[in-house]
Amino acid sequence: MAGSKAEIATGRLRFMQTAVEDFELPPDEAPFDIAFAMRAGALDGRHPEIGQRALDRLRAALQPTGRLFIDTGHPLSEVRLRG
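What you see is a predicted model, and the numbers here were worked out from it, not measured in a lab.

### A short note on helix α2 (residues 48-61)
When the terminal C-alpha atoms of α2 are compared, their 20 Å separation across 14 residues agrees well with the 20 Å that a helix rising 1.5 Å per residue should span. Buried within α2 we find Gly 51, Ala 54, Leu 55, Leu 58 and Ala 61. All buried residues of α2 project into a common sector of 120° when viewed along the axis, lining one side. Looking at α2, the residues exposed on the side facing more than 90 degrees away from the buried face are Glu 49 and Ala 60. Where the residues of α2 are buried, they touch β1 (32-38), β2 (62-71) and β3 (77-79).

Next comes the structure, spelled out in structure tokens:
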């Protein structure tokens, strides 16, 4: 985050930390253009019902053209949420 101080200060970048399956945008927050899920065990396939709940929550938090990336190692994996 230290390398992103300018973007954070202008509101172009925001970090939020929560369990992905419990994620919700605050009521006054606009949907995101892009999201990165880091260390998201709910999305590793071991618990499909929790993973689906997490994806539903992320889908609701993203713009219709929003993109989701998951840190599964190198490189990042993109998850298609629509279409």
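### Points about the confidence of the model for the protein
On average, residues of the protein score 87 in pLDDT, and 98% of them reach the 70 mark or higher. Looking over the protein, one finds the lowest element-wise mean pLDDT in β1, namely 88, and the highest in α2, namely 92.

### A few points about the nonpolar core
With 16 residues, the main nonpolar core has Val 20, Ala 37, Leu 43, Leu 58, Leu 62 and Leu 68 as its most contacted residues. Looking at which element gives the most residues to this core, the answer is α2, with four residues. Contact partners of Leu 62, with chain neighbours within four places excluded, come to Pro 31, Phe 32, Asp 33, Ile 34, Ala 35, Arg 67, Leu 68, Leu 81 and Arg 82.

### A word on the sheet that holds β3
The strand order β1-β2-β3 describes an open sheet built from three strands, whose pairing is mixed. The outermost strands of the open sheet, each flanked by one partner alone, are β1 and β3. Between one strand axis and the next, the sheet turns through 25° on average, direction left out of account. Packing of α2 onto the sheet brings it into contact with β1, β2 and β3, and relative to β2 it is tilted by some 135°.

### Here we look at the packing of aromatic side chains
With the rule as written, the count across this model stands at two aromatic pairs. The interplanar angle of 25° and the centroid separation of 5.5 Å between the aromatic rings of Phe 36 and Phe 69 together place this pair among those described as stacked. Of this pair, Phe 36 sits in strand β1 while Phe 69 is found in strand β2, placing the two residues 33 residues apart along the sequence. By relative accessible area, which is 49% here, Phe 36 ends up partly exposed.

### A closer look at the pattern of salt bridges
Counted under the stated rule, the structure contains six salt bridges. We note a salt bridge from Asp 56 to Arg 59, for which the minimum N-O separation is 2.8 Å. In this pair, Asp 56 and Arg 59 are both assigned in helix α2, three residues apart and thus about one turn of the helix distant. Judged by relative accessible area, which is 26%, Arg 59 ranks as partly exposed.

So, how was this worked out
Residues numbered from 1 in each chain as written. Predicted model: local features only at pLDDT ≥ 70, side-chain atom pairs only at ≥ 80, totals over all residues. Heavy atoms only, no water. Helix = DSSP H or I, 4+ residues; strand = E, 2+ residues; numbered from the N terminus. Expected span 1.5 Å × (residues − 1). Buried < 20%, exposed > 50% of the residue type's maximum accessible area, 1.4 Å probe, protein only. Arc of directions from axis to C-beta. Contact = heavy atoms within 4.5 Å. pLDDT = per-residue confidence, 0-100. Core = buried A, V, L, I, M, F, W, Y, C linked by side-chain atoms within 4.5 Å. Pairing = 2+ DSSP bridges. Axes fitted to C-alpha atoms, helices over the stretch in contact; angles between N-to-C directions. Phe/Tyr/Trp six-rings, centres within 6.5 Å; stacked < 30°, edge-to-face > 60°. Salt bridge = Lys/Arg side-chain N within 4 Å of Asp/Glu carboxyl O.

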